[in-house]
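Structural description and commentary
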Amino acid sequence: MVNILGVEGSTNSTGDDVQKLDVFANETFIETLSFSGEVCGIASEENLDFIDLPIDPLKKATYIVVMDPLDGSSNIDVNVSVGTIFGIYKRKSPEDGPCQISDFLQKGSNLVAAGYVLYGTSTLLVYSTGDGVNGFTLDPSIGEFCLSHRNIQMPTSGNYYSVNQGYYLKFDLEMMRYIDHCSDLNYRLRYIGSMVSDIHRIMFQGGIFLYPNTRKYPKGKLRLLYECFPMAYIVEQAGGTALTCKLERIMDVEINSLHQTSSIVMGSKAMVQDMKEFVEKYGPVNQ
Ligand code: P6P
């Protein structure tokens, strides 16, 4: 058996244990993108700094890619779904030179495309280039992704909520009160520790995903550039809403560092609106 499971032995930029499959996925995506001739640089969860790709004089590389090559990798060794998250920006630096940090520190609203790959009971590529969201299922017999979910529209409401209930006592009051509200409404809790999987369920069945700030992660845990922005792009393109827990639109949040984190709440429009009312009622402004 290929020696690809288990921890690789190091930790990544934000302290997560790096799994062997994290390294394999990261190296595979970087190698593949470097041959495209269209990408001048990559920012990855697995790399502290951005990667400047060699310039192909015949092709003017005009894009940069931000990615979480394997999201939810703590699920790998227990055979639970994991995913890849990616976002694509137009570079801002001159096309005949190396990429710059300014190419990466762009708001989510500057994304030209974003998507995710879900490695579950089937392998699904879901992405948008700004005109709706489509899903493509891998057909291993031909090695191609085939259109399987045309124009995905997130339900405007639902009865799933997705949050790490174990942190309940570490959330701010307004988040605790909203989670109590979800229980009062008999919503079903679904949380598997892989944002791609939890959001994918919401894309089709409706619901709300929350990763609020906690005492351990006062600015939130999820990474703005290569988790929150791309997932928020997809959620909005499918008709959902994506905010910080202070009710700022995720796509408009200023980004100042590659691995900056943020709180995030996203999902069905009516459910996020309901959550907003709890923040407005119980949030710091009213305490
Ligand atoms: P916790 C995976 O590490 C991840 O970045 C997201 O995919 C997931 O939603 C979250 O972190 C899980 O974090 O603290 O609940 O284990």
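Quantities reported herein were computed from a predicted structural model and do not represent experimental measurements.

Surrounding the ligand, one finds 14 residues, the nearest of these being Asp-71, Tyr-167, Tyr-191, Met-195 and Tyr-211. Within the contact set of the ligand, an oxygen atom lies 2.7 Å away from a side-chain nitrogen or oxygen of Tyr-167. Residue Arg-223 places a side-chain N or O atom 3.5 Å away from an oxygen atom belonging to the ligand. Expressed as a share of its isolated accessible area of 400 Å², the protein-covered part of the ligand is 85%. Of all the secondary-structure elements, those providing two or more residues to the shell around the ligand are strand E13 (208-211) and strand E14 (222-223). Residue composition of the shell around the ligand, by class: six nonpolar, four polar and four charged.

Partitioning the chain into domains gives domain 1 (7-149) and domain 2 (160-286). Using C-alpha coordinates to define each centre, domain 1 is positioned 22 Å away from domain 2. Carbon and sulfur atoms supply 66% of the area that domain 1 and domain 2 bury against each other, a total of about 2,900 Å² over both sides. If you sort the residues of domain 1 by the area they bury against domain 2, Leu-105, Lys-107 and Tyr-116 come out on top, with a joint share of 20%. At the junction of domain 1 with domain 2, the criterion picks out two salt bridges. Here Arg-223 makes a salt bridge to Glu-45, at a shortest N to O gap of 2.5 Å. Applying the counting rule to domain 1 against domain 2 returns 15 residue pairs in polar contact (both at pLDDT 80 or more). Looking at the side of domain 1 that touches domain 2, the element that brings in the most residues is strand E6 (residues 82-90), giving seven residues. Here the side of domain 1 that touches domain 2 is built from residues that sort into 24 nonpolar, 19 polar and seven charged.

Moving on, we come to the side chain of Arg-223. For Arg-223, the location among the structural elements is in strand E14. What makes Arg-223 buried here is its relative accessible area of 3%.

Taken together, eight strands build an open sheet; the order of strands is E4-E3-E5-E6-E7-E8-E9-E10 and the sheet is mixed. Bordering the open sheet on either side are strand E4 (51-52) and strand E10 (144-149), each of which pairs with just one other strand. Sheet topology places strand E5 (residues 63-71) next to E6; seven bridges connect them, and they run antiparallel. Among the inter-strand pairings, Asp-68 is bridged to a residue of E6, identified as Ile-85. The sheet strands contacting helix H4 (residues 195-205) are E5, E6, strand E7 (113-119), strand E8 (123-128) and E10, and the helix crosses E7 at an angle near 105 degrees. Strands in contact with helix H5 (residues 224-237) are strand E3 (39-44), E5, E6, E7 and E8; relative to E6, the strand with the most contacts, it is inclined by about 85 degrees.

So, about the pattern of salt bridges. Counting across every chain of the model gives nine salt bridges. A salt bridge links Glu-236 to Arg-249, with the nearest nitrogen and oxygen atoms 2.7 Å apart. Taken together, the residues span a long stretch of sequence, with Glu-236 in helix H5 and Arg-249 in the loop between strand E15 (241-243) and strand E16 (261-262) at a distance of 13 residues. Judged by relative accessible area, which is 25%, Glu-236 ranks as partly exposed. By sharing partners, the salt bridges in this structure join Glu-45, Arg-223 and Glu-227 into a single network.

Criteria and cut-off values
- Residues numbered from 1 in each chain as written.
- Predicted model: local features only at pLDDT ≥ 70, side-chain atom pairs only at ≥ 80, totals over all residues.
- Heavy atoms only, no water.
- Near = heavy atom within 4 Å.
- Polar contact = N/O pair within 3.5 Å; in protein donor to acceptor, adjacent residues only side chain to side chain.
- Areas by Shrake-Rupley, 256 points an atom, 1.4 Å probe, with all protein chains shown as cover.
- Helix = DSSP H or I, 4+ residues; strand = E, 2+ residues; numbered from the N terminus.
- Nonpolar A, V, L, I, M, F, W, Y, C, P; charged D, E, K, R; others polar.
- Domains from an automatic or database assignment.
- Buried area = accessible area lost by both parts, 1.4 Å probe.
- Salt bridge = Lys/Arg side-chain N within 4 Å of Asp/Glu carboxyl O.
- Buried < 20%, exposed > 50% of the residue type's maximum accessible area, 1.4 Å probe, protein only.
- Pairing = 2+ DSSP bridges.
- Contact = heavy atoms within 4.5 Å.
- Axes fitted to C-alpha atoms, helices over the stretch in contact; angles between N-to-C directions.

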